[in-house]
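Residue strings, one per chain:
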Amino acid sequence: MTTTPKTATPEGQKYDGFTEEERDAMKERAKELKTKARRGAKADTESEVLAKIAEMSESDRVIAERLHTVIKASAPALTPKLWYGMPAYYRDGKMICFFQSAAKFKARYATLGFSDEANLDEGAMWPASYAITEMTADVEARIGALLMQALS
C-alpha cells in the first residue's frame, strides 16, 4: 500500500494534499458556481471582479486595477468574471486570461496568465504566464499586444 508523502510548508507545518491557499481557492470557485446558478448567466459580473480587486493588498490592487483598465480598453469584447477568486476575462464563455495576485498563493510576484483558449502559440513552446511587478507604460503596451494576439 502506498501513501501520499507529506510535504513541509514554509512555516514547517505538515499537510497532506492541498495547501490552505489552494483549498481556499477551491472554496471560492464553488461559491462562484453557486452564485452563477442562483442569478443566471446574464448577471453583471464586473462588479464582483472590481470588489475582489478592491480587497487586494495595495501593491496587488494597483496592478490589478491598471490591468483591468488595459484589458477593457484593448479587448472590450472580454467579459470580466471571477475564477477561483481571481479576476479573469472571458470570450464566449471561455476564459482567455486571469490575474493572480502575489498574495493569492504567497508568491513573490503577481502574474497574468493565459488559458489554452488564448491564441499565443509560437512554435513548440511559448509563455502562458507573465510575472508583473509594476505596471509601466511598456508593460501595458506588451499586455495590449498579447491580448490582440490571444484574441486573433
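Cut-offs and rules
- Residues numbered from 1 in each chain as written.
- Predicted model: local features only at pLDDT ≥ 70, side-chain atom pairs only at ≥ 80, totals over all residues.
- Heavy atoms only, no water.
- pLDDT = per-residue confidence, 0-100.
- Contact = heavy atoms within 4.5 Å.
- Buried < 20%, exposed > 50% of the residue type's maximum accessible area, 1.4 Å probe, protein only.
- Helix = DSSP H or I, 4+ residues; strand = E, 2+ residues; numbered from the N terminus.
- Pairing = 2+ DSSP bridges.
- Axes fitted to C-alpha atoms, helices over the stretch in contact; angles between N-to-C directions.
- Arc of directions from axis to C-beta.
- Phe/Tyr/Trp six-rings, centres within 6.5 Å; stacked < 30°, edge-to-face > 60°.
- Lys NZ or Arg CZ within 6 Å of the ring centre and 35° of its normal.
- Polar contact = N/O pair within 3.5 Å; in protein donor to acceptor, adjacent residues only side chain to side chain.
- Salt bridge = Lys/Arg side-chain N within 4 Å of Asp/Glu carboxyl O.
- Expected span 1.5 Å × (residues − 1).

## Side note on the confidence of the model for the protein
Across the protein, the average pLDDT comes to 89, with 88% of residues at 70 or higher. Per-residue pLDDT stays below 50 along residues 1-7; that stretch engages in eight contacts with residues further than four places along the chain or on separate chains.

## Some details on the pairing of strand β6 (residues 110-114)
Most of β6 sits inside the fold, with five of its five residues counted as buried. Where burial is concerned, the two faces of β6 agree: the one with Ala-110, Leu-112 and Phe-114 and the one with Thr-111 and Gly-113 are both buried. Of the strand pairs in this sheet, strand β5 (residues 94-100) and β6 are connected by four bridges, and their pairing is antiparallel. Along β6, the bridge assignment pairs Gln-100 with Thr-111. Bridge count for β6 against strand β7 (residues 129-132) is four bridges, and the pairing is antiparallel. Looking at β7, one finds that Ala-110 is bridged to Ile-132.

## What to know about the sheet that holds β7
Read across the sheet, five strands follow the order β3-β4-β5-β6-β7 without closing on themselves; strand pairing throughout is antiparallel. The open sheet terminates on both sides in strands that have one partner only, identified here as β3 (79-83) and β7. In this sheet, neighbouring strand axes are inclined to one another by 25° on average, regardless of whether the strands run parallel or antiparallel. Most of the contacts of helix α2 (residues 46-55) go to β3, to which it runs at about 55°, and overall it touches β3 and β4 (86-91).

## Here we look at α2
Within the sequence span of α2, burial applies to Val-49, Lys-52 and Ile-53. With its buried residues spanning 100° around the axis, α2 presents them on a single face. For α2, the exposed residues lying more than 90 degrees away from the buried face are Ala-54 and Glu-55. Where α2 is buried, its residues contact α1 (20-39), α3 (58-74), β3 and β4.

## Side note on the side chain of Ser-115
Take Ser-115: it is sitting in the loop between β6 and β7. In this view, Ser-115 contacts Met-95 and Ile-96; residues no more than four positions away in its chain are not counted.

## Focus: the packing of aromatic side chains
Here the structure, examined in full by the defined rule, presents three aromatic pairs. Cluster of aromatic residues (ring-pair linked, three or more members): Trp-83, Tyr-84 and Phe-98. The aromatic ring of Tyr-90 is capped on one face by Lys-81, whose charged end is 4.9 Å from the ring centroid.

## Points about the environment of Ser-115
Looking at Ser-115, the relative accessible area reads 17%, which means it is buried. Among the polar contacts made by the side chain of Ser-115, one reaches the main-chain carbonyl oxygen of Met-95 at a distance of 2.4 Å. Among the polar contacts listed, one links the side chain of Ser-115 to the backbone nitrogen of Glu-117, at a separation of 3.0 Å.

## Overview of the pattern of salt bridges
Per the stated rule, a full pass over the model turns up six salt bridges. Of the charged contacts, one joins Glu-140 and Arg-66 as a salt bridge, the two residues approaching to 2.9 Å between their closest N and O atoms. Here Arg-66 lies in helix α3 and Glu-140 lies in helix α4 (residues 137-150), a separation of 74 residues in the sequence. By sharing partners, the salt bridges in this structure join Glu-28, Lys-52, Glu-55 and Lys-104 into a single network.

## Some points on α1
Taking 1.5 Å per residue as the helical rise, α1 with its 20 residues ought to reach 28 Å, and the 29 Å between its terminal C-alpha atoms agrees with that figure. Every buried residue of α1 is accounted for by Glu-21, Ala-25 and Glu-32. Seen from one end, α1 has its buried residues packed into an arc of 45°, which puts them on one side. For α1, the exposed residues set more than 90 degrees away from the buried face come down to Glu-20, Lys-27, Lys-31, Lys-34, Ala-37 and Arg-38. Looking at the buried side of α1, the elements it contacts are β3.

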